[in-house]
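For reference, the chains in residue letters:
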Amino acid sequence: MIGTGYVGLVTGTCFAEVGNDVMCLDLDAGKIETLNRGDVPIHEPGLRDMVRRNVAGGRLRFTTDIDAAVAHGALQFIAVGTPADEDGSADMQYVIAAARNIGSRMVDSKVIVDKSTVPVGTADRVRAAIAAELARRGVDLPFAVASNPEFLKEGAAVEDFMRPDRVVIGSDDERAIGLLRAVYAPFQRNHERLLVMDVRSAELTKYAANAMLATRISFMNELANLADALGADIEHVRRGIGSDPRIGYRFLYPGAGYGGSCFPKDVKALQATAEHHGCPLKILAAVESVNDVQKERLLEKITQRLGADLSNKKFAVWGLAFKANTDDMREAPSQTVVRGLLDRGASVMAYDPVAMDEARRVFGTTARLAYANSPMDAVTNADALVVVTEWQEFRSPDFSELRRTLRQPLLFDGRNLFDPKEVRAAGLEYFGIGRA
């Protein structure tokens, strides 16, 4: 498993969990040292215990030794980062470097599997890079390149991997398909979940899936803003349309915008690919634009109620991670909200169950930004409570206690966690997303 980031670490650990002999490679010596101590550098429910169990069982190892990693596996999974380049396209340098490392060291047949989220045509580039290294060495060894995109949700990645909705394999090589069928067999005991297709279709499937989910979120956010203008309740609308089996309820929750490591990057990368091939995706351009605007929505509601100058105002912020059950703050709406409040002169007392260390790294030492030890500690003497992340522990607060603790009885709910009637009955002013 080349790369011990989010995808590589979860994938390698789950493969080891069902009995495979897995070696995870990363060039970050500090990360490998952390993993070899039994610590995990990301927050993902269930992952740390699974890592420790499989390391102790001798099925999972971590190394910085490229030679050892290439020699170890008949299956070589590439799970390195593909960050957005300046033009929005995926930066492929780490994927191609991994391919070259395999080609320059392999001494027997290999199946190379692209696990990273990569643009259509990447398998061809990986194949060419390996072939060039073999030619440079003057050796002729059989190898195949396959695509096996991941569909893991942060905060539920272990569960998603152990009980997948589907496993997509892109390949036209029967040996590669057979090996991947075998390695995924323990994860589909109940029924066949494996979808075999050509490589380019598999590569596009990953981007299409994330683009579709991002589209649903932005569509609901636009409807929520319209509901605000019309005096409708988007929660009733959500139930009304979600009950249609052609639509369903999932990803129909309006809020403060999407973030994280996948949706923003993948929407940009798919647009860049489409532009490159002369097929601009106008819907995705709108999806991205709507999301950028939506991240400002809570600030708009706050300034509409309290004015543009928030000097001498204190805000409690519940939630910093881009979603619950993770410490990931990449592209998180909380960044827009916290910076927007600070820019307007406010002070912020923030709380998140797991992401406060990451927040300190993201925001640095910032005047008027502090961190609380508990949700209610954050609220003490605040002029308003702003909810940005949908953590379970935020879902059933004592609203009467909130009313007594807040300096002003204002609650801005960026995730529509609460029943407006219940909040208002406790004497609080409630501002949701589309809940006028």
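Heads up: these notes are all about the structure in this document.

What counts and what doesn't
Residues numbered from 1 in each chain as written. Predicted model: local features only at pLDDT ≥ 70, side-chain atom pairs only at ≥ 80, totals over all residues. Heavy atoms only, no water. Buried < 20%, exposed > 50% of the residue type's maximum accessible area, 1.4 Å probe, protein only. Helix = DSSP H or I, 4+ residues; strand = E, 2+ residues; numbered from the N terminus. Pairing = 2+ DSSP bridges. Right-handed = clockwise from strand over helix to strand, strands pointing away. Axes fitted to C-alpha atoms, helices over the stretch in contact; angles between N-to-C directions. Contact = heavy atoms within 4.5 Å. Arc of directions from axis to C-beta. Polar contact = N/O pair within 3.5 Å; in protein donor to acceptor, adjacent residues only side chain to side chain. Phe/Tyr/Trp six-rings, centres within 6.5 Å; stacked < 30°, edge-to-face > 60°.

## What to know about the pairing of strand β9 (residues 347–351)
Taken residue by residue, a regular strand's side chains alternate between the two faces of the sheet.
Inference 1: Here β9 lies mainly inside the structure; 4 of its 5 residues are buried.
Inference 2: Of the strand pairs in this sheet, strand β8 (residues 314–318) and β9 are connected by 5 bridges, and their pairing is parallel. Of the residues in β9, the one forming a bridge with K314 is S347.
Inference 3: Regarding the hand of the β-α-β motif, the stretch spanning β8, helix α14 (residues 333–343) and β9 is right-handed.
Inference 4: Handedness of the β-α-β unit built from β9, helix α15 (residues 356–363) and strand β10 (residues 369–371) comes out right-handed.

## Quick notes on the sheet that holds β9
Inference 1: Strand order in this open sheet of 6 strands is β10-β9-β8-β11-β12-β13, and the pairing throughout is parallel. At either end of the open sheet lies a strand with only one pairing partner, and these are β10 and β13 (429–431). Adjacent strand axes in the sheet meet at a mean angle of 20° when their direction is disregarded.
Inference 2: With 3 bridges joining them, strand β11 (residues 384–387) and strand β12 (residues 410–413) adopt parallel strand pairing. Each bridged residue has a counterpart across the sheet, and for V386 the counterpart in β12 is F412.
Inference 3: The strands that α15 touches are β9 and β10; relative to β10, the one it contacts most, it runs at about 165°.

## Focus: the environment of L281
Inference 1: Here L281 lies in the loop between α11 (263–276) and α12 (282–294).
Inference 2: Overall, L281 belongs to the partly exposed group, its relative accessible area being 33%.
Inference 3: Sequence-wise, L281 and V120 are 161 residues apart; in three dimensions their C-alpha atoms are separated by 15 Å.
Inference 4: If sequence neighbours within four positions are ignored, L281 has contacts with L270, Q271 and A274.

## Re the side chain of Q271
Inference 1: Topologically, Q271 is positioned in helix α11.
Inference 2: Since its relative accessible area comes to 14%, Q271 is described here as buried.
Inference 3: Excluding residues that lie within four positions of it along the chain, Q271 makes contacts with L281, L284, A285 and E288.

## Notes on helix α10 (residues 234–242)
Inference 1: Those residues of α10 lying buried are I234, E235, R238 and G242. Buried residues of α10, viewed axially, fall in a sector of 105°; they line one side.
Inference 2: On its buried face, α10 is in contact with α9 (199–230).
Inference 3: Measuring from the backbone nitrogen of E235 back to the side-chain oxygen at the start of α10 gives 2.9 Å, which picks out D233 as the cap.

## Here we look at the packing of aromatic side chains
Inference 1: A complete count under the given rule lists 13 aromatic pairs for this structure.
Inference 2: Look at F15 and F77: their rings are 5.3 Å apart centre to centre, the planes differ by 50°, and that puts the pair in the tilted class. Residue F15 is found in helix α1 (residues 6–17), and its partner F77 is found in strand β3 (residues 75–78); the two are separated by 62 residues along the sequence. An identical accessibility class is assigned to F15 and F77; each is buried.
Inference 3: Between Y351 and F394, the ring centres sit 6.2 Å apart and the planes meet at 65°, which makes this aromatic pair edge-to-face. With Y351 in strand β9 and F394 in the loop between β11 and α17 (399–405), the pair connects residues that are 43 residues apart, well separated along the chain.

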